[in-house]
Amino acid sequence: MKFSASAWIRIPAEYYPSRPCIKFRDRLFSYGEINERANRLSWALAGLGLGKGSRVATLQFNCNQSFELFIGMWKSGVVMVPLNTRDSARQNIDILRDSGAEALVFGSEFVDQADQVRTRLPGVSLFVCHGEHDEHYLDYEELLRNARSREPNIEVDENDMYKIHYTSGTTG
């Protein structure tokens, strides 16, 4: 059987579209909703020129977008580079530089870090914010609203890189 990143959420969404998938704060998201939002994210990233093998950093506290980003990037073959919310802007800039990330998706709690990245690291050229932000950043929800909802059907298999995860050192 061939591996399919899309199937991980697509199949439960087909069989149980209205069943609860995740809850964040007061909002409950069904499998169908999460699958659609992940599909829209995949298409939105493609519309920004980010495709299979592109590296996109993420910086946010745990939220529904964290899950959507994981699934949506996986479906589209985009390599996720999750940044540590406890790291300083300097540390995250080093990771962004080392990873070759082209874009940063972040929660509004991290606008100050995004501002520093924007001014100090020209290699990161796309910035997407979920939450309150100014005109320097693309709006996550608007990107999703304007993207297709169907499955992206990108050929992704178990040999494709899907995440670059940096650690802060040894654990032993």
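Structure shown above.
Residues numbered from 1 in each chain as written. Predicted model: local features only at pLDDT ≥ 70, side-chain atom pairs only at ≥ 80, totals over all residues. Heavy atoms only, no water.

**Q** Account for the pattern of salt bridges, naming residues and giving values.
**A** The full count for this structure, using the stated rule, is ten salt bridges. Glu141 serves as the salt-bridge partner of Arg37, at 2.6 Å between the closest nitrogen and oxygen. One end of the pair, Arg37, is in helix α2 (residues 31–47); the other, Glu141, is in helix α6 (residues 140–145), with 104 residues separating them in the sequence. Exposure remark for Arg37: the relative accessible area of 15% places this residue in the buried category. For Glu141, a relative accessible area of 28% puts it in the partly exposed group. Asp94 is the partner of Arg97 in a salt bridge, and the nearest nitrogen-oxygen pair spans 3.4 Å. Remark: Asp94 and Arg97 occur in helix α4 (residues 89–99); sequence separation between them is three residues, near one turn of the helix. Through salt bridges that share partners, Arg37, Glu68 and Glu141 make up one connected network. (Salt bridge = Lys/Arg side-chain N within 4 Å of Asp/Glu carboxyl O. Helix = DSSP H or I, 4+ residues; strand = E, 2+ residues; numbered from the N terminus. Buried < 20%, exposed > 50% of the residue type's maximum accessible area, 1.4 Å probe, protein only.)

**Q** Describe the nonpolar core, naming the residues involved and giving the relevant values.
**A** Counting 21 residues, the largest nonpolar core has Leu96, Leu104 and Phe106 as the members making the most contacts within it. If sequence neighbours within four positions are ignored, Leu104 has contacts with Ala57, Thr58, Leu59, Leu83, Ala114, Val124, Leu126, Phe127 and Val128. The next biggest cluster of nonpolar side chains, apart from the first, holds 14 residues, and it includes Leu41, Leu50, Val128 and Leu144. (Core = buried A, V, L, I, M, F, W, Y, C linked by side-chain atoms within 4.5 Å. Contact = heavy atoms within 4.5 Å.)

**Q** Now, about the sheet that holds strand β4 (residues 79–82): what can you tell me, with residues and values included?
**A** Pairing is parallel in the open sheet, where five strands are placed in the order β4-β3-β5-β6-β7. Each edge of the open sheet is held by one strand with a lone partner, namely β4 and β7 (138–139). As paired elements, strand β6 (residues 126–130) and β7 share two bridges and run parallel to each other. The residue of β7 that forms the bridge with Val128 is Leu138. Contacts between helix α5 (residues 111–120) and the sheet are confined to β3 (55–59), β5 (103–107) and β6, with β5 contributing the most and set at about 160 degrees to the helix. (Pairing = 2+ DSSP bridges. Axes fitted to C-alpha atoms, helices over the stretch in contact; angles between N-to-C directions.)

**Q** So what's going on with the packing of α4 against α5? Residues and values would help.
**A** Helices that pack against each other are described as a pair by the angle of their axes relative to one another and the distance between those axes. Interhelical geometry of α4 versus α5 gives an angle of 50 degrees and a closest axis separation of 10 Å. With respect to α5, the axis of α4 lies oblique. Two packed elements cross with a definite hand, and for α4 against α5 that hand is right-handed. Between α4, through Ala89, Arg90, Asn92, Ile93, Leu96 and Arg97, and α5, the contact on the second element is made entirely by Gln113, Gln116, Val117 and Arg120. The residue makeup of the contact of α4 with α5, split by class, is four nonpolar, three polar and three charged. (Parallel < 35°, antiparallel > 145°, perpendicular 65-115°, else oblique. Left-handed = near helix turned anticlockwise from the far one by under 90°. Nonpolar A, V, L, I, M, F, W, Y, C, P; charged D, E, K, R; others polar.)

**Q** Before we move on, can you summarise α4 with the specific residues and values?
**A** The complete set of buried residues in α4 reads Ala89, Asn92, Ile93, Ile95, Leu96 and Ser99. End-on, the buried residues of α4 take up no more than an arc of 160 degrees, which puts them together on one face. Buried residues belonging to α4 abut β3, β4 and α5. Phi for Gly100, located one or two positions after α4, is positive at around 80 degrees. (Arc of directions from axis to C-beta.)

**Q** How would you explain the packing of helix α1 (residues 7–15) against α2 if you had to name every residue and give the values?
**A** Taken N-terminus to C-terminus, the directions of α1 and α2 make an angle of 140 degrees; their axes are 8 Å apart at the nearest point. Looking at the two axes, α1 sits oblique to α2. In this structure, α1 meets α2 at a crossing whose hand is left-handed. Seen from α1, the contacting residues are Ile9, Arg10, Pro12 and Ala13; seen from α2, they are Tyr31, Gly32, Ile34 and Asn35.

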